[in-house]
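One-letter residues, chain by chain:
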Amino acid sequence: MLIIMHTQSTDEQIENVKQKIRELNMTPHAIPGQLRCAIGITGNKGPVDSEFFKNLPGVVQCIPVTKSYKLVSREVRQEDTIIDLDGVKIGGKEITVIAGPCAVENEEQIFTIARKLSEMDVKLLRAGAFKPRTSPYSFQGLGEKGLQLLAQVREKTGMKIVTEAVDTDSLELVANYVDIIQIGARNMYNYSLLKKVGQLKKPVLLKRGLSATLEEFLMAAEYIVSEGNFNVILCERGIRTFSDFSRNTLDMNVIPTIKHLSHLPIIVDPSHACGDRKYVQALARGAIAAGADGIIVEVHHDPGQALSDGAQSLYPMQFKQLLEQVTEIGKISRN
Ligand code: PEP
Ligand code: MN
């Protein structure tokens, strides 16, 4: 159930509706909107009876929500969610480009790449400090030292930092250093981590699980939003299919479908989707043409020496070319 309040409803009327919801042992969620306030309800065991609310002062309409995911659905909020990080917007008119190496490897490496990207006017730097690797013997990331280096990069370049939190133990540490907390594909089903990240106010980049259905993906986002954090960016990063010629299969269908079903921004990670730098540009162009709000791309100045994901990391010049291409495509697809 979604309760739509009048454009001129008072704070008192909104609080009154929320109180009524609580009295019925359910949870109210005020949904941020440009024109008017809407109040979503969760925690109901069955259909909610609109009789309880429709005559309360300030209430315009009670709309049943048919989807299992509620707060992330367009039924509940029609306007696109735009995340604003001091003027760097995600989900707005412009496409968002997040770029950087798979991992922070050392001071020289991260500063070299960050400076090159910053010169290209990239505002958001990605790089893992805690790396979830398939093999326990592979490079696991620099941990807190990596976060400290990222903080230095932010100070020197002004770039915003996107990095992954791999567990609840290190979440607070990561949150203290970064601007956007990445939840990786392997953790999309980690509900205790999703709840914890939902209790923070920092924007979250939620990657789609390796074999997650659309509903599971949106439900994972619902875990975060239902804890009060509406600043969620969805990320399609390729799923496992029978197709065996690439690292994963980029699910292009999910882009317009999510745009239809949810108000959250969705970006695409072409690097992990294909695993090969030869194909990254083509997939990124396709993603923006299909309506994605942006891309997150791995870039390394010396991919041959990269400690992780070198094969899929673009050279800076390739990335520059891609940036020009997606900027042009974005002008068409976002109008
Ligand atoms: C990454 O972004 O480096 C990463 C590990 O991604 P994913 O969780 O999509 O595999
Ligand atoms: Mn990677």
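Reading the values: rules and limits
- Residues numbered from 1 in each chain as written.
- Chains lettered and ligands numbered in written order.
- Predicted model: local features only at pLDDT ≥ 70, side-chain atom pairs only at ≥ 80, totals over all residues.
- Heavy atoms only, no water.
- Near = heavy atom within 4 Å.
- Polar contact = N/O pair within 3.5 Å; in protein donor to acceptor, adjacent residues only side chain to side chain.
- Areas by Shrake-Rupley, 256 points an atom, 1.4 Å probe, with all protein chains shown as cover.
- Nonpolar A, V, L, I, M, F, W, Y, C, P; charged D, E, K, R; others polar.
- Buried < 20%, exposed > 50% of the residue type's maximum accessible area, 1.4 Å probe, protein only.
- Helix = DSSP H or I, 4+ residues; strand = E, 2+ residues; numbered from the N terminus.
- Pairing = 2+ DSSP bridges.
- Axes fitted to C-alpha atoms, helices over the stretch in contact; angles between N-to-C directions.
- Contact = heavy atoms within 4.5 Å.

With respect to spatial proximity, the complete set of residues near ligand 1 consists of C102, R126, K131, E164, Q182, G184, A185, R186, K207, R237, H272 and E298. Here Q182 contributes a side-chain N or O atom positioned 3.0 Å from an oxygen atom of ligand 1. When the free accessible area of ligand 1 is taken as 300 Å², the share hidden by the protein chains comes to 97%. A per-class count over the shell around ligand 1 returns two nonpolar, three polar and seven charged.

Moving on, we come to the pairing of strand β14 (residues 294–298). Burial within β14 is extensive, with five of its five residues counted as buried. Along β14, one buried face is formed by G294, I296 and E298 and the opposite face, lined by I295 and V297, is buried too. Sheet topology note: the strand β7 (residues 96–100)/β14 ladder contains five bridges and is parallel. Pairing of I98 across the sheet is with I296, part of β14. Two elements, strand β13 (residues 266–268) and β14, share two bridges in a ladder whose sense is parallel. Among the inter-strand pairings, V268 is bridged to a residue of β14, identified as I295.

Right, let's talk about the pairing of strand β3 (residues 38–42) for a bit. When a strand is regular, its side chains alternate between the sheet's two faces. Burial within β3 is extensive, with five of its five residues counted as buried. On β3, burial covers both faces: A38, G40 and T42 on one face and I39 and I41 on the other are all buried. Two strands pair when backbone bridges link them, and strand β1 (residues 2–5) and β3 are joined in this way by three bridges, in the antiparallel orientation. In the strand pairing of β3, I4 is matched with A38.

Strand order in the closed barrel made by the eight strands is β7-β8-β9-β10-β11-β12-β13-β14, with parallel pairing throughout. For this sheet, the mean angle separating the axes of adjacent strands, direction not counted, is 25°. Bridging between strand β8 (residues 124–126) and strand β9 (residues 160–164) involves three bridges; their strand directions are parallel. Bridging from a neighbouring strand, L124 pairs with K160 of β9. With respect to the sheet, helix α6 (residues 214–226) is in contact with β11 (204–207) and β12 (232–236), its orientation differing from that of β12 by roughly 160°.

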